[in-house]
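Inside the fold
Here is how the chains run, residue by residue.
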Amino acid sequence: MNHRRNPTRTATRGLRLALVTAAAAGLLLGACSRPANMEPPHVDVPTPLPSGIDFTPEASPAAPDNSCNPLASYNPGSVTAEQARANLNDPGQISIGVSQSTNLMGYLEGDTLVGFDIDIATAMVQAVMGDATKVKWVPMTSGEREQALADGRVDMVVRTMSITCERWENVEFSTEYYRAGQRLLVTKDSGIEGLAQMTKDQSVCTGASSTSVGNIAAVNAEVQPVTVPDFNDCLVLLQQGTVDAIAIDDTILAGMAVQDPTLQIVGDTFSQESYGIAFAKGDTDLARFVNGALEGVRANGAWQTAYDKWLKGPLGTDAAPVTVDYRD
Amino acid sequence: MSVQSPPAQAQAPAPVAAPVSGPRRFDRTLASLRYTPGQLRGLLAVLAALILGAGVTGMTAILAKSAVIEETTSQSGRLSVAALQLYQALSQADATAASSYLTAGTPSDDVNLTYREALRDATVALATAAGEVKTAADTALVAELNTQLPVYTGLVETAKTFNRLGEPVGATYQEQASTLMRDEMLPRANDLQDNALGQLSESREDAEAFPWAAAVLVVLALAALVWTQMWLSRKTNRTFNLGLVGATVLLVGFAGWLATASLASANHTDRSHEDGARPLALLAQAEMTAQQARAEESLILIARAEDQQALERYDENIEELTGSGGLLEQLEDAFAGDADQTDLIHDAQDAADTWSTGHDEAVKLAREGEFQAAVTLVTGSDEQSMTASFDALNDALTAATRTSADGFVEATGDAQRSLYGAAAGLAILALAALISAAVGIQMRVAEYYA
C-alpha cells in the first residue's frame, strides 16, 4: 500500500516546493529591482553668461535726430550765483545726481566718490555754492536721471548723460563738457586694430541699445554684435573669451582698460556722445550759471587736469575741451 | 484501485520513456480523488496552497513596507535627503559668497568660512546624490550640477581677487556667479529634489496600501478550512478535528496580526507625512527663500544699489516668505495647535519683519550716498544689523526644523515598530497553521489504512 501513497504525496510536495520557490523568486526580484546601467548623460560645456545676453540683437542705424540743435545751450549772460541758487531744493546744499559705479567717471572708492564727472561736478559746486563741500551726492542709475530731476530729488545730474533732442523735452542741458564716442577694447595680443578690420567670425559686445548696435553695423556689417543689459558684463565676457572686443563709449572703456593690463583701447571713435549736465526743466538760471562755470574750467586748466588725471592714460590720446555753442 | 494504470496507458499509445510519468502521475492523482483518502489529500493540497500563499504574500507585503519605511527614515544615502541638502547648501553658498564679497578684508569676514562649509556640504550632497540617482533625467541633473559647481566657484574666486585688488569688475563676476546659481543651478537642484520627493511619495503610497492579495488569500484559506471541517464532520461523525481547529485559530491570529500591523503602520506613515515631511519641506523652502533674499540683498549693495532687478528679486523672495499665503503663513497653519512650533514661526515672522524694515533703511542709505553705512547695516555684526535679524530668522526656522524632524523620526519609528516581528510572526503562524492542518488531515487519512 505504501507505494500507492507516494504519487499523491509527491504531487503535494511538488506543489509546495513550486509555491515556495515562486515566492522566494518574487522576494528576490523585489530586492534586486536595480536600474539597468544608464548611458552617461550628454552635458554641454558650461559657459557662464549674464542674464539677458542677446547674440542676435536688432540694429537700427538711424542717424541721430539733431533737428533741435541739441548742443546749443543757454548763454551764461550775467546770471549771478545767487540767482542760480534761487531754485535749489536746499539753499545750503546743492544735491547732485551721480554714478557711484562707473569707474573713472563716478566711482565710490571706500567712502569717497572719485572720477572725471565728480571733478567737473565739484568745480560746479565750488562755483555755485562758493564752497566745494556744500554738496549732497545722490547716487542713481542712468534710468533714474530724468525722473530725479523732475521730482526735485536732485538739483543737477552729472552722470555720463548724453545730450539728445529727446531728453531736451524733459530737462535742460548745459553745454557739452565732454565728447565721448564708441571705440574698441580688445586684448593686446588679439591683433585687432579697429572695428573695420574685424571678421564675421569675431564678436563684439555692447550695451543693449539699438543705436550702439546700429553704429557698429554702420562701420562693419560682418562682425557679430552681442548685447548685454549691463555693459559691465562685456568686460567679464571679454576676459572669459566669449567675445573678441567691446564697443561702447570710450569713457566706459577707459574704466575697463585700467582694470586689466592685458587690454587696450584701439581704433578711432565711430559715434558721438556729447555729455552734458542736466537740470530740471525750466531751471535755466542754474543752467546759464553752470555754462559760465564750465567756461571757467575750460579756461583755467581744471578740465585739462581732470582729463589728464582720469582718461588720458587709459584712452592713450590727448584731448582738449570741445568748443561750445549757445542758442541765444 | 487497479483502474489507475490502464487509462493512462490507453491515453499514451506510443509510449515515450520520460514524458509519460507526468501525465500518468496526474491521472493517478485525479483517480485517487474519487475516494475519501485521496479527497482528503487533495483538500490538504488546496489548504496548503492557500495558507502558504497567504503567508508568503502577507510576509512579502510586510517586508516591503518595512523596506519603504526604512528608506524614508534612514538619514544617509537617500536621494531626497541629498537633494534637499544640496539645494540648501547651494543657496547658503550663494548668500554667503555675496555677503563675503562686501565684508572682504574686514574683521567680520567669518562668512567666508560659512561659504566654504556650504560648498563642502554641497559637494558631499552632490556625490551622495550621484550614487543614489535611479533615472536618466536625475543622472543628467546631477551631471550638469557637477559641471557647473566648479564654474561657479571659479567665478566667486575671480570676484574675490578683483575685489581685493579694488577693481570694480569683481562686482560683475560676483553677479555672474549669482546669476549662474539662480538661473541654472538652483532650478536643477530643485528639479532633483522634486523628482526625489515624487519617488518618495509613490513609495509612501505603497507603504500605506493595504495588503489586499494576502487578505483575500487568508479569507479563502479560512473558508476552505471551515468547509473542510464541516465536510469531515459529516463524513466521520466527529464534530472536531483538532488539527484543523488549531489551523483555523492560527490563521485567524494571522489575519488579525496582518490587518493590525498594516493599518497601524499606514496610520503612522500618514502621520509622519502630515506632521513631519510636509512641514519639513515647507521649513526647508522658507530657509532657502531667506537665503536667496539675503543673497539678493548683498547683490544690491555689490551693484551700489544700481541693480533694479536685484531689488525686485529681493522683494519677490521676501513676499514669498512673509506675504499673505506665503511660506511662514503656511507654516503657521501647518503647526496650528502646536504652541511651541507656532511660537518659533512667530519669532521667524518678527525677525523677517525686522530684517525687511532694516533692509529698506539700508537701501535708502545706499541710495543717499551713505554706502558704507548701508554695508555696515547689512553685513555688520551688531544687534541692529541685518545679519542679526537674518540669523534670528534662520535660528527660528532651524529650531522648528529640528522639532519637526524629531516628530518625523518618531512617527516613522512608530510605523516601523508596528511592523516589528510581524514578518517573522506571520511566517511562523502560517507555517504552524499549515502543519496543524496537515497533521489533522493526515490523522484522518491514516485511519483509512489502519
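Refer to the preceding data block for the structure.
Residues numbered from 1 in each chain as written. Chains lettered and ligands numbered in written order. Predicted model: local features only at pLDDT ≥ 70, side-chain atom pairs only at ≥ 80, totals over all residues. Heavy atoms only, no water.

1. Comments concerning the sheet that holds strand S8 (residues 171-180) of chain A
Residues and elements named next belong to chain A. Pairing is mixed across the open sheet formed by five strands, whose spatial order is S6-S2-S7-S14-S8. In this open sheet, the two strands that pair with only one neighbour each are strand S6 (135-139) and S8. Relative to strand S14 (residues 273-280), S8 runs antiparallel, the two being bridged by seven bridges. For Val171, the partnering residue across the bridge sits in S14 and is Ala280. Lying on the sheet, helix H9 (residues 284-299) is in contact with strand S7 (156-157), S8 and S14; it crosses S8 at an angle near 20°. (Pairing = 2+ DSSP bridges. Helix = DSSP H or I, 4+ residues; strand = E, 2+ residues; numbered from the N terminus. Contact = heavy atoms within 4.5 Å. Axes fitted to C-alpha atoms, helices over the stretch in contact; angles between N-to-C directions.)

2. Observations concerning the state of the cysteines
Residues and elements named next belong to chain A. Within the structure shown, the criterion is met by two disulfides over all chains. Each sulfur in the disulfide pair Cys68 and Cys165 lies 2.0 Å from the other. A torsion of -100° about the S-S bond marks the disulfide between Cys68 and Cys165 as left-handed. With Cys68 in the loop between helix H1 (2-31) and strand S1 (72-73) and Cys165 in helix H5 (residues 165-168), this residue pair connects regions lying 97 residues apart in the sequence. One disulfide bridge connects Cys205 with Cys234, the sulfur atoms lying 2.1 Å from each other. A torsion of -75° about the S-S bond marks the disulfide between Cys205 and Cys234 as left-handed. (Disulfide = S-S within 2.5 Å.)

3. Some remarks on the interface of chain B and chain A
Taken together, the 46 residues of chain B in the interface contact 50 residues of chain A. Of the roughly 4100 Å² buried between chain B and chain A on both sides combined, carbon and sulfur atoms contribute 63%. Of all residues in chain B, Gln176, Arg304 and Glu306 of chain B give up the largest surface area on contact with chain A, accounting jointly for 16% of the area buried on that side. Across the chain B-chain A interface, the total number found is one salt bridge. Note that Arg367 of chain B is salt-bridged to Glu144 of chain A, the shortest N-O span being 2.5 Å. The interface formed by chain B and chain A includes eight residue pairs in polar contact (both at pLDDT 80 or more). (Buried area = accessible area lost by both parts, 1.4 Å probe. Salt bridge = Lys/Arg side-chain N within 4 Å of Asp/Glu carboxyl O. Polar contact = N/O pair within 3.5 Å; in protein donor to acceptor, adjacent residues only side chain to side chain.)

4. Remarks on the packing of helix H4 (residues 79-103) of chain B against helix H6 (residues 136-164) of chain B
A pair of packed helices can be characterised by two numbers: the angle between their axes and the separation between those axes. Residue and element names in this part refer to chain B. In the contact formed by H4 and H6, the axes pass within 11 Å of each other and the chain directions differ by 15°. Classed by the angle they form, the pair H4 and H6 counts as roughly parallel. Crossing angle aside, the handedness with which H4 passes H6 is left-handed. Where H4 abuts H6, its residues Leu79, Leu86, Leu90, Ala93, Asp94, Ala97, Ser100 and Tyr101 lie against Asp138, Leu145, Leu149, Tyr152, Val156, Ala159, Lys160 and Asn163. (Parallel < 35°, antiparallel > 145°, perpendicular 65-115°, else oblique. Left-handed = near helix turned anticlockwise from the far one by under 90°.)

5. Topic: helix H7 (residues 232-239) of chain A
Residues and elements named next belong to chain A. The buried fraction of H7 is high, at six of eight residues. Within the sequence span of H7, burial applies to Asp233, Cys234, Leu235, Val236, Leu237 and Leu238. Positioned one or two residues after H7, Gly241 has a phi angle of 80°, which is positive. (Buried < 20%, exposed > 50% of the residue type's maximum accessible area, 1.4 Å probe, protein only.)

6. Some words on the side chain of Gln229 of chain B
Here Gln229 of chain B shows up in helix H8 (residues 212-236). Setting aside anything within four residues of it in sequence, one finds Gln229 of chain B in contact with Leu244, Val245 and Thr248 of chain B.

7. Thoughts on the nonpolar core
Core analysis: the biggest nonpolar cluster contains 158 residues, and Ile96, Phe116, Tyr178, Ile277 and Leu311 of chain A together with Leu90 of chain B have the highest contact counts within it. Considering every element that reaches this core, the biggest residue donor is H4 of chain B, with twelve residues. When sequence neighbours within four positions are dropped, the list of residues in contact with Phe116 of chain A reads Leu104, Met105, Tyr177, Tyr178, Trp303, Ala306, Tyr307, Trp310 and Leu311 of chain A. Leu50, Val218, Leu225 and Leu419 of chain B belong to the second largest nonpolar core, which has 37 residues in total. (Core = buried A, V, L, I, M, F, W, Y, C linked by side-chain atoms within 4.5 Å.)

8. Describing a nonpolar patch on the surface
Together, Leu431, Ile435, Val439 and Met443 of chain B give the surface a local cluster of nonpolar side chains, amounting to about 370 Å² of exposed area. Relative to the helices and strands, Met443 of chain B resides in helix H15 (residues 422-449). (Patch = residues over 30% accessible without salt bridge, like charges linked within 9 Å, V, L, I, M, F, W, Y side chains within 5 Å. Areas by Shrake-Rupley, 256 points an atom, 1.4 Å probe, with all protein chains shown as cover.)

9. Details of unusual backbone geometry
With a phi angle near 55°, Asn69 of chain A is a residue other than glycine that sits in the positive phi range. By the element assignment, Asn69 of chain A lies in the loop between H1 and S1.

10. Section: the pattern of salt bridges
Residues and elements named next belong to chain B. Counting across every chain of the model gives 18 salt bridges over all chains. One salt bridge connects Arg182 with Glu296, and the closest N-O pair in it is separated by 3.4 Å. Separated by 114 residues along the polypeptide, Arg182 in helix H7 (residues 169-208) and Glu296 in helix H9 (residues 242-302) bring together distant segments of the chain. Glu296 sits in the buried class, given a relative accessible area of 3%. Three or more residues are tied together by salt bridges with common partners; here these are Arg182, Asp183, Glu296 and Arg313.

11. So, the packing of H9 of chain B against helix H10 (residues 308-322) of chain B
All names here are of chain B. Across the interface, H9 lies against H10 with an axial gap of 8 Å and an inter-helix angle of 155°. Compared by their axis directions, H9 and H10 come out roughly antiparallel. Along this stretch, H9 crosses H10, giving a crossing that reads as left-handed. Side by side, H9 and H10 meet where Gln285, Ala286, Thr289, Ala290, Gln292, Ala293, Glu296, Glu297, Leu299 and Ile300 of the first sit next to Ala310, Leu311, Arg313, Tyr314, Asn317, Ile318, Glu320 and Leu321 of the second. When grouped by side-chain class, the residues that make up the contact of H9 with H10 number ten nonpolar, four polar and four charged. (Nonpolar A, V, L, I, M, F, W, Y, C, P; charged D, E, K, R; others polar.)

12. Some words on the sheet that holds strand S4 (residues 106-109) of chain A
Residue and element names in this part refer to chain A. Ordered in space as S3-S4-S5, the three strands form an open sheet in which the pairing is antiparallel. The open sheet has two edge strands, strand S3 (101-102) and strand S5 (112-114), and neither has a second partner. Pairing of S3 with S4 involves two bridges; the strand directions are antiparallel. Opposite Thr102, over in S4, you have Gly106 as the bridge partner.

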